[in-house]
Amino acid sequence: MSLTTLKILMILITIIGAFLVWQSRTFRIYGDQLGYEPIQPINFSHKLHAGDNQISCLFCHSSADKSKVAGVPPASTCMNCHSQVLPDSPEIQKITAAIAENRPIEWVKVNDLPDLVAFNHSRHVTSGISCQTCHGPVETMERLSQQNAFTMGDCVSCHRTHREVTLDEAGKPQIAREQTAQKLMASTDCSVCHH
Amino acid sequence: MRATEPSEKTVRYAAAFFDNEHDLMAIAAEARLRGFEIQDVFTPYPIHGMDRAVGLKRSRLGWIAFVAGALGLISAILLQVWTSAYDWPLNVGGKPFNSFPLFVPVMFELTVLFSGLISIGVLFMMNRLWIMSKKKIFEGVTDDRFILVLKQEDASFDTEKAARLFKKYNAIKVMEGDKFV
Amino acid sequence: MSPNAASKAGVAEGQVVRLSKAGVSIEIPVLIQPGQSDDCVAVALGYGRTKAGRVASGVGANAYPFVEFVDGTFRYEAEDVSIEPTSTFVELAKTQVHQSAEGRPLIMEYSLAEFVSGHLHEESEKQVDLWKPHDFPEHKWGMVVDLNACVGCNACVLSCQAENNIPVVGKDEVRRRREMHWMRIDRYYDEKPDGVTTRFQPMTCAQCDNASCETVCPVLATVHSSEGLNMQVYNRCVGTRYCANNCPFKVRRFNWFLYPHEDAVANLALNPDVTVRTRGVMEKCTFCVQRIEEGKIHARNEGRPIKDGEIKTACQQSCPANAITFGDLKDPESSVSKLRHTKRNYVLLEELNLRQGLTYLGKVRNDGETVGGEPKNGSSL
Amino acid sequence: MAAVFRDIETVREEEIRLQSEIDRITAHPVYSPLREPLIDESKACSDVTNDISGLLERPASKGWWILFGLSFSLLIAGIVAAINTVYFGIGTWGLNKTVGWAFGITNFVFWIGIGHAGTFISAILYLFGQKWRTSINRSAEAMTLIAVMCAGIFPILHMGRPWLFYWIMPYPNTRGSLWVNFRSPLLWDFFAISTYFTISLVFWYLGLVPDLATARDRATNKARKIFYTVLSLGWNGSNRTWSRYETVYGVLAALATPLVLSVHSIVSFDFATSLVPGWHSTIFPPYFVAGAVFSGFAMVTTLLIPVRKVMHLEGYITVQHLDNMCKITLLTGSIVGLSYLTELFIGFYSGNPNEIFVILNRMGGPYAWAYWIMFSCNAFIPQLFWFKAFRTRIPLILSLCILVNVGMWFERFVIIVTSLHRDYLPSSWAIFIPTLTDVGLLVGSFGLFFTAFLIFLRLFPVISMNEVKGVLHYARD
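In this text, all values refer to a predicted model and were calculated from it rather than measured experimentally.

### Focus on the overall build of chain C
Move 1: From N to C terminus, chain C includes 11 helices and 19 strands.
Move 2: In terms of principal-axis extent, the alpha carbons of chain C reach across some 70 × 65 × 40 Å.
Move 3: Residues counted as buried form 49% of the 381 residues belonging to chain C.
Move 4: Sequence-distant contacts, at least 24 apart, represent 66% of the contacts inside chain C between residues at least 6 apart.
Move 5: Accessible surface, chain C as shown: approximately 18300 Å² in total, 53% of it carbon and sulfur.
Move 6: Across chain C, the mean location of the 44 positive side-chain charges is 5 Å away from that of the 49 negative side-chain charges.

### Side note on the domain arrangement of chain C
Move 1: Each domain of chain C was delimited in the assignment, giving domain 1 (3-89) and domain 2 (109-365).
Move 2: Here domain 1 of chain C and domain 2 of chain C have C-alpha centroids that lie 36 Å from each other.

### Some details on the pattern of salt bridges
Move 1: Within the structure shown, the criterion is met by 41 salt bridges over all chains.
Move 2: With a shortest N-O distance of 2.8 Å, Glu-283 of chain C and Arg-277 of chain C are connected by a salt bridge.
Move 3: Looking at Arg-277 of chain C, the relative accessible area reads 6%, which means it is buried.
Move 4: Here Asp-211 of chain D ties to Arg-138 of chain D by a salt bridge, and the two come within 3.1 Å at their closest N and O atoms. With Asp-211 of chain D in helix H7 (residues 185-218) and Arg-138 of chain D in helix H6 (residues 137-157), the pair connects residues that are 73 residues apart, well separated along the chain. Here the two residues Asp-211 of chain D and Arg-138 of chain D agree in accessibility, since each one is buried.

### Regarding the domain arrangement of chain B
Move 1: Annotation of chain B at the domain level lists domain 1 (12-44 + 143-175) and domain 2 (61-126).
Move 2: Of note, the centres of domain 1 of chain B and domain 2 of chain B, computed from C-alpha atoms alone, are 47 Å apart.

### What about the packing of helix H10 (residues 284-310) of chain D against helix H11 (residues 319-350) of chain D?
Residues and elements named next belong to chain D.
Move 1: Viewed as axis vectors pointing N to C, H10 and H11 meet at an angle of 150°, and their least axial separation amounts to 8 Å. Viewed along their axes, H10 and H11 adopt a mutual orientation that is roughly antiparallel. In the crossing of H10 with H11, the sense of the turn from one axis to the other is left-handed.
Move 2: Partitioned by chemical class, the residues of the contact of H10 with H11 number 17 nonpolar, 6 polar and 2 charged.

### Observations regarding the side chain of Asn-271 of chain C
Move 1: Within the secondary structure, Asn-271 of chain C is located in the loop between helix H8 (264-267) and strand S13 (282-283).
Move 2: When near neighbours in sequence (up to four residues on either side) are disregarded, Asn-271 of chain C contacts Glu-163, Asn-165 and Gln-290 of chain C.

### Regarding the sheet that holds strand S16 (residues 358-361) of chain C
Residues and elements named next belong to chain C.
Move 1: Read across the sheet, 4 strands follow the order S14-S7-S16-S15 without closing on themselves; strand pairing throughout is mixed. Looking at which strands have only one partner, the edges of the open sheet turn out to be strand S14 (324-328) and strand S15 (345-346).
Move 2: Bridge analysis of strand S7 (residues 141-146) against S16 gives 4 bridges, and the strand direction is parallel. In the strand pairing of S16, Asp-146 is matched with Leu-361.

Basis of the calculations
- Residues numbered from 1 in each chain as written.
- Chains lettered and ligands numbered in written order.
- Predicted model: local features only at pLDDT ≥ 70, side-chain atom pairs only at ≥ 80, totals over all residues.
- Heavy atoms only, no water.
- Helix = DSSP H or I, 4+ residues; strand = E, 2+ residues; numbered from the N terminus.
- Buried < 20%, exposed > 50% of the residue type's maximum accessible area, 1.4 Å probe, protein only.
- Contact = heavy atoms within 4.5 Å.
- Areas by Shrake-Rupley, 256 points an atom, 1.4 Å probe, with all protein chains shown as cover.
- Lys, Arg positive; Asp, Glu negative; His and termini not counted.
- Charge placed at Lys NZ, Arg CZ, Asp CG, Glu CD.
- Domains from an automatic or database assignment.
- Salt bridge = Lys/Arg side-chain N within 4 Å of Asp/Glu carboxyl O.
- Axes fitted to C-alpha atoms, helices over the stretch in contact; angles between N-to-C directions.
- Parallel < 35°, antiparallel > 145°, perpendicular 65-115°, else oblique.
- Left-handed = near helix turned anticlockwise from the far one by under 90°.
- Nonpolar A, V, L, I, M, F, W, Y, C, P; charged D, E, K, R; others polar.
- Pairing = 2+ DSSP bridges.

Structure representation (structure tokens):
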């Protein structure tokens, strides 16, 4: 009797354990923001701009290759085109209004790292890491959502695999290709990000 | 599971109660030598030599403990060397990635832990000691009664002979029953 | 107040005395300062303010009433001031309470003759390692502090405090010996027959290659980088304080409480490149790793190697005497490598074989000696 | 006729052969008649059951409630101090930048040390066949478990961020699988203490199962019946079970013996592997182990003297038991004293100025009073146990043992604080002054210890009945 119960118990434990192992691929830890897709003040479509119209990311996020932060474009950047293109659309009117009132548009930050991590966009963009590596297929998104859990493991595994980046003669980075020029190492030292 | 393990099927038994260990040991020895089949003996405390009297072989638990300890040792070595030197080697205080002498304390602890826990777990399993256990418990066995239980399932059980034997060793009480679980 | 003056006036350290002269009087506690003239008491100006915000208002006593305007100039000395001891005692907030080096060879000093002769200190014995040291493929950061140049002005301490968002913990916590300075200037007095000699030693994390702090951290919150830095990862630290115990230089600082950063305006003064530490974690000098990383990123974005002197630590940048040199020890041409090979270079507590990244240049003291018949003043190096 | 006789003859021969075989099998060892009986001679098995189980069945005495109230109020003080620590931070302790460990780790090492007696008694004395251990091992093991619990609180509480204590366990994680530092003595501590606690717990529980079965069989009240039925795991005293039980008990004793020696050795590595002068010492492991057994035995004696008095167990815990414990205290105390002298000798002999300074600073520095309390309580006072008068007069034993406990607490305090407060650079020298929170935690740990011990006395048989029954006839048959 007791032995039977014991057997049943062990089978149950095995099933539960197998279920947990199976579920672990989609396991979410506390604070994981994967899939975060806030409603923005302006119904801006990355799909339309970056996807259909093939506008380069750096056209708007112009400091991504120069600075720590990629930068959210000011309203005036929008108006470069939209003073001519669809100036009467209600969404564009919001931008016009913001400029008129001299206030910034309150975009909601989607991809965020905790303050204990220092991430430098320029180093990654300059070494030829595409924006989509971390931000996902932005050019297909109507509304932006977080496509990467941004765990330390993600950063570290990338830093481990892309150990060597070489520059070709034009100074353009080529990942993991034998070229001349200088060798650049992606370090896994803690102090690279945590300082 | 060992062959001598009391089976779960119904067994008719005869139990004799004694008030000291010497009578029990002597009757157990004599009953066995006279061809009775001893189901088990029950005592309030472990009695040295009782295994010999009822003809029980040495337990193999010692070996199980040894194997479990070796398992613990190996897992400790693998865990420490793999995490420190292969999975993510980090320069800690200038020491080599595989700082083997510094891994000895944890190796020792895990050896002891595995060995102890597994051997006690096996003990509980082999003796089916667990919370929902529904084993036959004789009255007074946890106080001061020493009990001999003989199997009487087959025809060869000689009731008269058994009664003579019980009397010889001053059995306080004799009882019979079915279904020994 | 000098020790002699204090015993003459019958006051002890921390005792509040009343200084008075012709209707002006202030009450301030005594600090005994070896080396001070016996006939003279020094009072710091600039305290006792009334409108200086929550930090400085009402702190200390105003000594300006003693300043006289005579002959078109301010006279910062006042004569015939009487000192009256009171029965009040104050516990002074000091970052260093033991003033003697106990005869330990912490600060190397050489006479001019020794310096000229070139025999400075015994060449250290060959250190033996039980294992092969790790190599540093790209850089190996190092710092050399010239004790000859250091005047003990504390500019490095302050710039470090500002650069690294180090909390200012206040008088009470300093009294409990919990100041948070990552860098400090150790000061020892030597009583000599002809007076008192004071020695300074700027001290910060020495970034030891065989760091005793790293080995003992259970959670790998402090490990060594591939560039020879002793990294402290605040967000991994659980705060066992074992590393601080095991640090022979006692340069690690623990966040005893949650030092608040609530003032939104004041927070604008924080350095965004440096994490603000929470309660219960250890922190220490990083050789301004945020500047190193920034320098490396600049150089790499431009596809060129880092130039010597391009990366400056905050303490180095603010040192008025250029006593601090920082750079890459892998580069034999860097100024820090060159200084390492001078005779005056020495390693503090070398017997512990910690292999520090921070070394010192010993102090040459010219006590009025003459070399080659010519009297020389000061030291040239 | 002859054939019948011959048959009878054969049967008789057969009987004689059988009888001699039985005698051979059932022969039991002969004990020396010179030995004094371990337990009061008038006790029989059922007396043991009645005496020990009866204690659990009667309502708690007034004395128990008074002691419980006292201990519990100490525990409350400790809980308040712990909440204060966790809520405001370690800054509520008297620590500073130089002295990073003081009361917390002192208490930790002290309690771990106390926890060494139980397993020493149950494992090492078991392997050495010391039958007198049976009267005291149950309570000593319970004391071990409680002391290890008291100790285990401190490494967690002394962390800056105690809620992250699980980071010292190696588990796969999302940080690129950042593991733990297996080179850190604190990690070894974690493994050593958790293993020690686990093994001690199963060891204690294993010994307890037959006695819980006794309590189960005697229980009349329903709640007690369920409690003991669940815990006794259907124990029925079968010889097959006993046989394996004895094997496992032996295995556990054999495992626990090196474990006892290892735990305090590993705790001593916290100090011995560091480079703080006064900590960095190869003598620490044996010295700590001896000190641990020393303080543990003193604590067991301190606890058992009132227990035997109040619970009327003089027949089980005789003066001879106390005498034996005093002898072990004397032995380990002498080892500790010898270690002190060795430490002094090696310190001076090393010629290392830092080492010499630490010794002189301990003897004459700001904490000299602590050093001399430690020296006199641990090295001199136990030497009084050479005299039989001190080993047999109960008030004397009790007072000496309490002094030993005081001395052993100060030993850890001296090692930790006097070494740290003046180390390599005089510029960082500092003084440690305990705060109310520090004292609250120390007092609270005693509160927890006594409260848990008093609960143990009410819930579990205080003396191992099955083992005592086994030695009742010792020296009597």
